Amino acid sequence: MTLTHSPVADVPVSDVDPFSHEVLEDPLPMHEELREAGPVVHLSRYDVFAVARYAEVHAALVDWQRFQSAAGVGLSNFRTEEPWRPPSLLLEADPPRHDAPRRVLGAVLGPRSLRRLRDAWSADAEQLVDAVLAEGTEFDAVPTLAQAFPLRVFPDAVGIGQDGRENLLPYGDHAFNAFGPSNDLVAKGTHRVPELSGWVGEQCAREALSGDGFGAAIWAAADRGEITPQQAPLMVRSLLTAGVDTTVHALSAILYAFATHPDQWARLVADPSLARGAFDEAVRWESPVQTFFRTTTTDVRIGDAVVPEGHKVLMFLAAANRDPRRWTDPDRFDLGRDPSGHVGFGMGLHQCVGQHVARLEAEAVLTALARRVRSIELAGPPRRHHNNTLRAWDSLPVRLGVV
Ligand code: OVM
């Protein structure tokens, strides 16, 4: 990293590109450089400010008044640039407009509404694991488990039809790429946006949704007057955008973590009640969502520097989740630690509204695996999937020892 003088006094400058293929392949060295450079760093390539230490990332996340979301949580500034799709009513909104959609979705996806899904999802996970193991004990865990399970339970839980479900992963992949700069990763998805957005939009209509899913529950809230009928389809869109790729890559992260930490798998097998905490430790350790931006609404002091009003601030959730100032032995995946306080789901009023759904999916899969699998090891080199926002996998060859 070259450190030169900055447009703002007392801010170190870096010319690193966090969205380059080299960094996306292994972002950990850049995370350390940015954390050690100071509490805030100017990224000259994009003229944005970056925070990578836990304290500053946490502070920005909980300060929605001075770090707004309504100007977009990607590099693009909605004050001056046209968004690629109508902004999300949740992710890309601030109070007071954010409040009603958030309250409604919080109830629809809350622990109380998920209780009726737990037994069914446990049975689904056991069925999937039995079917996979019947085929063999060496396979690619990305398509076979990490993609297969969310695709089996989540679209049904939302209540969309069977046709076109293969569009969900490419749509989500593009949406998460679109938070970054308009690089090759965005370009490769742009030609499919009309087709994919068209399909997603059709799934959000009341008539397209089953009567008993999350989608119907959102429409029921519109009937009760808690949100407007115009807001309902955009909120269903949030589920279909943020609910699939995230859980797929979080499951991949857990499987990778256990494959590379056999002692921790032995611990889980001995005590499957560790599954819930294991999921949060994996989210801390790998941070499936690596980054989000905010936009300053006023001049904001960070450390000795002042970030001027209207600037984009890039928050490195992943770097904060491994900040040695906050975590003991941060690079170690450890079921014995308390991972609470990690910012892998964000923090504050935008904190992931779907996290209980993700946790339930992961618990179901881990518990089903722990019943039959005594060991997990890599059976070949894993291959990363590059995305401007997600820490993702294309391939994770594993060999399982089973009973
Ligand atoms: C949304 C949304 C929320 C969180 C993440 C996200 C693409 C999208 O509301 O559409 O990533």
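Above this text sits the structure in question.
Residues numbered from 1 in each chain as written. Predicted model: local features only at pLDDT ≥ 70, side-chain atom pairs only at ≥ 80, totals over all residues. Heavy atoms only, no water.

Student: Please explain the site of the ligand as it appears in this structure.
Tutor: Around the ligand sit R85, S88, L91, A175, F176, F179, S238, T241 and A242, and that is every residue in its neighbourhood. Interatomic distance of 2.9 Å between a side-chain N/O atom of R85 and an oxygen atom of the ligand. Secondary-structure elements contributing two or more residues to the shell around the ligand are helix 7 (168-177) and helix 11 (231-242). A total of three residues in the shell around the ligand trace back to one element, the largest contributor, which is helix 11. Taken together, the residues of the shell around the ligand break down into five nonpolar, three polar and one charged. (Near = heavy atom within 4 Å. Polar contact = N/O pair within 3.5 Å; in protein donor to acceptor, adjacent residues only side chain to side chain. Helix = DSSP H or I, 4+ residues; strand = E, 2+ residues; numbered from the N terminus. Nonpolar A, V, L, I, M, F, W, Y, C, P; charged D, E, K, R; others polar.)

Student: Whenever I open this one, the packing of aromatic side chains confuses me. Can you help?
Tutor: The geometry of an aromatic ring pair is captured by two quantities: the separation of the ring centres and the angle between the planes. This structure, assessed with the given rule, holds 13 aromatic pairs. With centroids separated by 5.0 Å and ring planes inclined at 75°, the aromatic side chains of F258 and W265 adopt a geometry described as edge-to-face. A relative accessible area of 0% places F258 in the buried class. Centre to centre, the rings of W285 and F333 are 5.8 Å apart; their planes meet at 55°, and the pair counts as tilted. A residue pair is termed long-range when its members are at least 10 positions apart, and W285 in helix 14 (residues 275-286) and F333 in the loop between helix 15 (317-320) and helix 16 (355-372) qualify at 48 residues. (Phe/Tyr/Trp six-rings, centres within 6.5 Å; stacked < 30°, edge-to-face > 60°. Buried < 20%, exposed > 50% of the residue type's maximum accessible area, 1.4 Å probe, protein only.)

Student: I'm lost on helix 6 (residues 141-158) in this one. Help?
Tutor: Side chains of residues three or four places apart in an α-helix project in the same direction, reflecting 3.6 residues per turn. Helix length check: helix 6 (18 residues) gives 24 Å between terminal C-alpha atoms against 26 Å at 1.5 Å per residue, within 8%. Along helix 6, the residues classified as buried are A141, V142, L145, A146, F149, P150, V153, F154, P155, A157 and V158. Where helix 6 starts, the residue carrying a side-chain oxygen 3.0 Å from the main-chain nitrogen of V142 turns out to be D140. A positive phi of about 105° marks G159, the residue just after helix 6. (Expected span 1.5 Å × (residues − 1).)

Student: I keep staring at the sheet that holds strand 4 (residues 67-68) and nothing clicks. Help me out?
Tutor: As a general point, the strands of a sheet are linked pairwise by backbone hydrogen bonds and lie either parallel or antiparallel. The strand order across the open sheet built from six strands is 1-2-3-9-6-4, with neighbouring strands paired in mixed fashion. Here the strands that pair on one side only, and so sit at the sheet edges, are strand 1 (13-14) and strand 4. Here strand 3 (residues 48-51) pairs with strand 9 (residues 312-316) via three bridges, running parallel. Each bridged residue has a counterpart across the sheet, and for F49 the counterpart in strand 9 is V313. (Pairing = 2+ DSSP bridges.)

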